Amino acid sequence: MESCNIAVATMAVISSCNSEIQKTVAINSSHIFFDEAHHIVAQTWNYFRELARDYKKPILQFTATPFRRDGKHIGGKSIFTYPLRKAQEEGYFKPINFISIWEFNLEIADR
């Protein structure tokens, strides 16, 4: 942490670390960014977020789906929203021409 400007990790990696390592990450980070923040109510995610809060770290949460079916709130306040309707109006949705290909030869399957 001391030799980098930016550290990137998934919550799967962070949550698999012991509490001392998570504490070290929280202490040595200037800011914490959560992508897919609609998962923040999960115990493992929320533990790390609360740890960052304990050390007064600014937290920014990103999600395309802020409203959960279970009704749980992800916390924070919305500072930017981009409605689906606006994305449609601005032409960000295009027709997809899907062509299904099944390759049995695994050596060339990803081509």
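Please read these numbers as outputs of a predicted model, since none were measured by experiment.

Novice: Which parts of the structure should I look at to understand the nonpolar core?
Specialist: Within soluble globular proteins, side chains that are nonpolar tend to cluster in buried spots. Counting residues in hydrophobic clusters, the biggest one holds 13 residues, and the most contacted among them are M11, I14, I32, F34, I40, W45 and F48. With sequence-adjacent residues up to four places away left out, I40 is seen in contact with F34, W45, N46, R49, Q61 and I74.

Novice: What is the right way to read helix 2 (residues 19-28) from this model?
Specialist: Within an α-helix, residues lying three or four positions from one another point in the same direction, as the helix has 3.6 residues per turn. Restricting attention to buried positions, one finds in helix 2 the residues Q22, V25 and A26. Each buried residue of helix 2 sits inside an arc of 95 degrees when the element is viewed along its axis, so together they form one side. Its side-chain oxygen 3.0 Å from the backbone nitrogen of E20, N18 forms the N-cap of helix 2.

Novice: Got a minute to help me understand the pattern of salt bridges in this structure?
Specialist: Close approach of charged atoms allows side chains with opposite charge to pair. Summed over the entire model, instances satisfying the criterion amount to four salt bridges. A salt bridge links R49 to E50; the nearest nitrogen and oxygen atoms lie 3.9 Å apart. Salt bridges sharing partners connect three or more residues here, namely R49, E50 and R53.

Novice: What should I look at first to understand the side chain of H38 in this one?
Specialist: Within the secondary structure layout, H38 lies in the loop between strand 1 (32-34) and helix 3 (43-54). In this structure the side chain of H38 is engaged in a polar contact, spanning 3.2 Å, whose partner is the side chain of H39. In this structure H38 touches T63, T65, R68 and I74, once residues within four positions along its chain are discounted.

Novice: Would you explain the packing of aromatic side chains in this entry?
Specialist: Working definition: an aromatic ring pair is given by the centre-to-centre distance plus the angle between the planes. Tallied over the entire structure, the rule returns five aromatic pairs. Their ring planes at 75 degrees and their centres at 6.3 Å tell us that Y82 and Y92 sit as a pair that is edge-to-face. In this pair, Y82 sits in the loop between strand 2 (59-61) and helix 4 (84-89) while Y92 sits in the segment after helix 4, placing the two residues ten residues apart along the sequence. For Y82, a relative accessible area of 36% puts it in the partly exposed group. Through pairs of rings, three or more aromatic residues link up here, namely F34, W45 and F48.

Novice: Would you mind going over helix 3 with me for this structure?
Specialist: Over its twelve residues, helix 3 extends 16 Å from the first C-alpha to the last, a length consistent with the 16 Å expected when each residue adds 1.5 Å. All of the buried residues in helix 3 are W45, F48, R49, L51 and A52. The arc that holds every buried residue of helix 3, seen down its axis, measures 155 degrees, which confines them to one face. Among the exposed residues of helix 3, those oriented more than 90 degrees off its buried face are Q43 and D54. Buried positions along helix 3 lie against helix 1 (11-16), helix 2, strand 1 and strand 2. Downstream of helix 3 by one or two residues, K56 has phi in the positive range, about 55 degrees.

The rules behind these values
- Residues numbered from 1 in each chain as written.
- Predicted model: local features only at pLDDT ≥ 70, side-chain atom pairs only at ≥ 80, totals over all residues.
- Heavy atoms only, no water.
- Core = buried A, V, L, I, M, F, W, Y, C linked by side-chain atoms within 4.5 Å.
- Buried < 20%, exposed > 50% of the residue type's maximum accessible area, 1.4 Å probe, protein only.
- Contact = heavy atoms within 4.5 Å.
- Helix = DSSP H or I, 4+ residues; strand = E, 2+ residues; numbered from the N terminus.
- Arc of directions from axis to C-beta.
- Polar contact = N/O pair within 3.5 Å; in protein donor to acceptor, adjacent residues only side chain to side chain.
- Salt bridge = Lys/Arg side-chain N within 4 Å of Asp/Glu carboxyl O.
- Phe/Tyr/Trp six-rings, centres within 6.5 Å; stacked < 30°, edge-to-face > 60°.
- Expected span 1.5 Å × (residues − 1).

That's the geometry; what it means functionally is another story.
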